[in-house]
Each structure stands twice: as C-alpha cells, then as structure tokens.
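# Summary of the model geometry
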Amino acid sequence: MSDFLPGLEGVPATKSAISFIDGEKGILSYRGYPLETLAENSTFEETTLLLLDGELPTKKALNDFSQQLKDNYRIKYHIRQMMRHFPHTGHPMDMLQTAVSSLGMFYPGTECLTDANSCEDLDYVRNMTVNIIAQMAPLVAMWEHIRNGWDPVNPKHDLSVAENLLYMFNGEEPDPLMAKIMDVCLILHAEHTLNASTFAALVAGSTLATPYSVISAAIGTLSGPLHGGANQRVVGMLQEIGSPKNVESWVDEKLKNKEVIWGMGHREYKVKDPRATILHKLVEQLVAERGGHLDDMFDTALKLEEVCADRLGHKGVYPNVDFYSGILYSEMGIPEDEFTALFAVARSAGWLAHWREQISDNRIYRPTQIYVGSDMRDYTPIEER
Ligand SMILES: CC(=O)SCCNC(=O)CCNC(=O)[C@H](O)C(C)(C)COP(=O)(O)OP(=O)(O)OC[C@H]1O[C@@H](n2cnc3c(N)ncnc32)[C@H](O)[C@@H]1OP(=O)(O)O
Ligand SMILES: O=C([O-])CC(=O)C(=O)O
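Because the structure is a prediction, the values reported are computed rather than measured. Sequence order as written defines residue numbering, which begins from 1 separately in each chain. Chains and ligands are labelled sequentially in the order written, the chains with letters from A and the ligands with numbers from 1. Per-residue local features are limited, in this predicted model, to residues with pLDDT of at least 70; the limit for side-chain atom pairs, both in listing and counting, is 80 or more; totals at the level of whole chains, interfaces and linings are taken over all residues. Excluding hydrogens and water, the side-chain figures rest on all heavy atoms present in the structure.

## Thoughts on the sheet that holds strand E1 (residues 19-22)
Two strands qualify as a pair provided that DSSP identifies no fewer than 2 bridges between them. In this description a helix means any DSSP run of H or I spanning at least four residues, a strand means any run of E spanning at least two, and both kinds are numbered starting from the N terminus. The strand order across the open sheet formed by 3 strands is E1-E2-E3, and the pairing between neighbours is antiparallel. This sheet does not close on itself; its edge strands, each paired only once, are E1 and strand E3 (33-34). Where E1 lies against strand E2 (residues 27-30), 4 bridges are found, and the strand directions are antiparallel. If you follow Ile21 over to E2, its bridge partner there is Leu28.

Below, the structure is given as structure tokens:
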C-alpha cells in the first residue's frame, strides 16, 4: 500500500511545461521567463498568450489575440438578465461560478470533447479559451452595477483587459498608473503551477467536461479562504487590527488560539512569495505617488509582516500573494468581496493553459484511497435499530 500524504504534499500529479516555482529561493517563472521580467515588460494579454502557446507572441499574433479578446467582451443580454435575478447579496465568486457555467449553455459546440482522450480541434480550444478569458472581467465588473441596482457600464472595445475592467467598475477610464498596476496584478495572478484550483480544473478537464465546467470547478475551488479567498480576508483582518500598535498583541492572541493569519504561509514557498514582493513594491510606488502616505492599512500590514517574520519565520511562513493585493484593489475603489473574483479573472489564463495541456494527452484522474471504515456487516432492518 502506498503512503498517504495529507493534502498530497509533494506528490507530482501531472507533468507541465507552463510554470515553475523554487519555493526555497522564492522564484516563479512562466514558460521560463522570470515573473519580475514579465511584470515589468509584458501585458496581461501577452502573458496570457505566452502561457497558452508557450512562446512570446509576435506583434501580429498579440494584436490578433487582443482584438479577439475585445470582440468577446460583450456579455449576452440573457446572461445579464439572469444576473439581475441573482440575490444581490450573493458573493461575487458565486455569481462568477454560476455565470461562467451558464456560458456553456449559451456557447455550446463541444463535439470534440465527447468520445476521445484528447481534443485535436485547436480552433475549438482557442475559441472557447478566448471566449472565457474575455468575459471574466466584464462579468465581475458588471455584477458590481447589477447588484447595486445601477445600469451596467458596457465594455469599451478599444481598451485592454485591465483598462476595461477598471473602466467598467468605476464608469470612467482609469489613469495610466492605476491601469498599469491592475495589469501587473493580472500578470502576477495568472498562473501558479499545480495549486488547488488548477488541480480542480485538471480533474474536471480529465473527464472531458466542457471548458465552462472546468473553469466553474476552478472558480469554486479558488473561492475558499485557504486559497484565493484569503485576499478578501486580509483586508478585513487589517481593519480589525486597526493600527500598527495593536499588531503584536493581536498576532500573539491569534497564535495562542491556533488561528491562521490570512495572507501568510504557503505550501510551496518557505520565503516571501515573489508576487508579494512585487505587490509590496507597487503599494510603495502608490504611496510615493500619493505624496508619502496611504493609510493605516499599509502601515499595519508592514508591521504585521515584521511580527510574523519574528513569530513564524522559523516555520517558513511569510507573506503570500494575497497579503498586499487587497491594499491595491482598495485604492482602485474595488469592494473587498470582489477581490477574489479579480484573482479568478487573471487565473482563467493559467487554468485554460493547463486545460489545453491536459486534453492534448489526457487520462482521467482517478486516485485511490486508504479505506478506514467498517468491515462487512449485516444490514439491520429499520424497525430493529
Ligand atoms: C493564492 C493562495 O492560495 S496563497 C495562500 C492563501 N491562504 C492563506 O493566506 C491562508 C493562511 N495560510 C494557510 O492556511 C496555510 O499557510 C496554507 C493553507 C496556505 C498552506 O498550508 P500547508 O502547506 O498545509 O501548511 P501547514 O498548515 O502545514 O503549515 C505549516 C506550519 O506553519 C503554520 N502556519 C502556516 N500558515 C500559517 C498562517 N497563515 N498563520 C499561522 N500559522 C501558519 C502551521 O500552523 C504549521 O505549524 P505547525 O507545524 O506548528 O503545526
Ligand atoms: O500555489 C498555491 O498553492 C496557491 C497560490 O499561491 C496560487 O494559486 O497562486
């Protein structure tokens, strides 16, 4: 019998050429390019194409792909109508999961996935991929208006994914710095090897379910607070702490009660997550831009990082990607419960890159278990129990 490893820690479950992590050194690369280089020089659209196809695109390929995305921004009338009937108190991740799975009914055509172990219809794969990635941000931004009873802002077809996302949220075109920060956030969140939501996507994909079901499974998995849902929790936690002077006693109380500190710790990284380092620098850039001050939230986060390094550093627990992102999103006027949905917008690129890799050489996921239940026993009729 094989050893059971809780949480499948260290168990390889696939082979992949998409991204790479060195958790001891704090290195992350997409298709061999360091994340820092992509954050500085690339765009979300270009990074997405890199993740999907494996190579940096030519100018023409990038323009064509960006245009294809823009052509797919529009959300169908019936989907908007459906969203109007969702409870307005519904969480954006629940909305997104429901809306994405409904897209499968509005955009059918999954013949190539029905009876083979692979899908060779690359046009189908590319069209569905573009369709999903393009619609994620408009769905999320539109929900903000629909749930508040406002008229939704329609997408602008000349804007990039990041610009259009902010435009649809706020009703006005973003200033270039905010658009750049959002674009970098999308790049940073686009892919991360075999995390829980990508694994969920692979399991769903391995059954030859449609890409809409695949992404729906992934969105549901990302929503949990131990995964993408932590970014929303971080801002709530910083508000609860209130000020840097409260950090030490707050952390000590949490650790005494064996509670987790949101945005801290990672299965793979034993040092600060390289994405947290970039996000931290972006907050500093924004502070400098704003004349040297943001608010107590950032100062509290800095102190929390310092105290956690002292109390938890020996366990390799440092800030992860969810620690600083919410501070930036708050500055962009985005409500806290939308943060994880922004993560999903970006991660759709990685999920779909893995889906494509999976279905090009598929075998259904079917692990085993160690049975710890009862031996065979006699059935007792209900009257005799
Ligand atoms: C996008 C992302 O998914 S990034 C992760 C987002 N999630 C969070 O921020 C939630 C907070 N973090 C955590 O719960 C965890 O660190 C996880 C879920 C991310 C990783 O979990 P695992 O790899 O299973 O780590 P595990 O729970 O074994 O932690 C190892 C040790 O560090 C401690 N630890 C890990 N994270 C934290 C934390 N955030 N706060 C306090 N202690 C922590 C554990 O208590 C454990 O201590 P022990 O050895 O004394 O029992
Ligand atoms: O890799 C993980 O386990 C979680 C994570 O950071 C991500 O999905 O971005």
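So, next bit.
## Looking at the environment of Ile132
Examined against the element boundaries, Ile132 turns out to sit in helix H6 (residues 122-147). The buried label applies to any residue whose accessible area, calculated with a 1.4 Å probe on protein chains only, is under 20% of its type's maximum; exposed applies above 50%, and partly exposed to all values in between. Exposure remark for Ile132: the relative accessible area of 0% places this residue in the buried category. Taking C-alpha positions, Ile132 is 19 Å from Gly54, a pair spaced 78 residues apart along the chain. For this analysis, residues touch if any pair of their heavy atoms sits within 4.5 Å. Apart from the residues lying within four places of it in its own chain, the contact partners of Ile132 are Pro211, Tyr212, Ile215 and Leu352.

## Details of the site of ligand 1
Only a single heavy atom is needed: when it lies within 4 Å of a molecule or strand, its residue is near that molecule or strand. Contacts to ligand 1 come from 20 residues, most closely from His227, Ile261, Met264, Arg267 and Lys315. Contacts to ligand 1 include Ile261, whose backbone N or O atom sits 2.8 Å from a nitrogen atom. Whenever a nitrogen or oxygen atom comes within 3.5 Å of another N or O atom, the pair is scored as a polar contact, on the condition that within protein one atom can donate a hydrogen and the other can accept it, and that pairs from neighbouring residues in sequence are kept only if both atoms are in side chains. Contacts to ligand 1 include Asn320, whose side-chain N or O atom sits 3.0 Å from an oxygen atom. Protein contacts shield 66% of the accessible area of ligand 1, which totals 920 Å² for the unbound molecule. For cavity detection a 1 Å grid was placed over the protein atoms alone, and a set of points counts as a cavity when a 1.4 Å probe fits there but cannot get out; an open set counts as a pocket when protein lies on both sides within 12 Å along at least five of seven lines, with lining residues being those that have an atom within 4 Å of a point. In this description, a molecule resides in a pocket or cavity if more than half of its atoms sit within 2 Å of the grid points defining it. According to the grid-proximity analysis, the pocket containing ligand 1 is the largest pocket. Taken together, the residues of the shell around ligand 1 sort by class into 12 nonpolar, 5 polar and 3 charged. Surface accessibility follows the Shrake-Rupley procedure with a 1.4 Å probe radius. Residue values consider only the protein chains on display as shielding. Ten residues, namely Ala, Val, Leu, Ile, Met, Phe, Trp, Tyr, Cys and Pro, are considered nonpolar, four, namely Asp, Glu, Lys and Arg, are considered charged, and the remaining ones, Gly among them, are considered polar.

## A short note on the layout of surface pockets
Computed from the structure, the largest pocket encloses a volume of approximately 1,400 Å³. If you go around the largest pocket, you meet 45 residues; those closest to its centre are Asn195, Ala196, His266, Arg267 and Glu268. Grid points are joined across faces, edges and corners, and a volume is the space filled by probe spheres set on the points. Empty space within the second largest pocket amounts to approximately 440 Å³. Contributing to the lining of the second largest pocket are 15 residues, with Leu8, Val11, Pro367, Thr368 and Gln369 lying nearest its centre.

## Focus: the pairing of E2
Hairpin connection, E1 to E2: the antiparallel pair is bridged by 4 residues, and Gly26 has positive phi, about 70°. Here 2 bridges tie E2 to E3, and the two strands are oriented antiparallel to one another. Bridge assignment links Tyr30 to a residue of E3, and that residue is Tyr33. Hairpin connection of E2 to E3: 2 residues between the antiparallel strands, including Arg31 at a positive phi of 50°.

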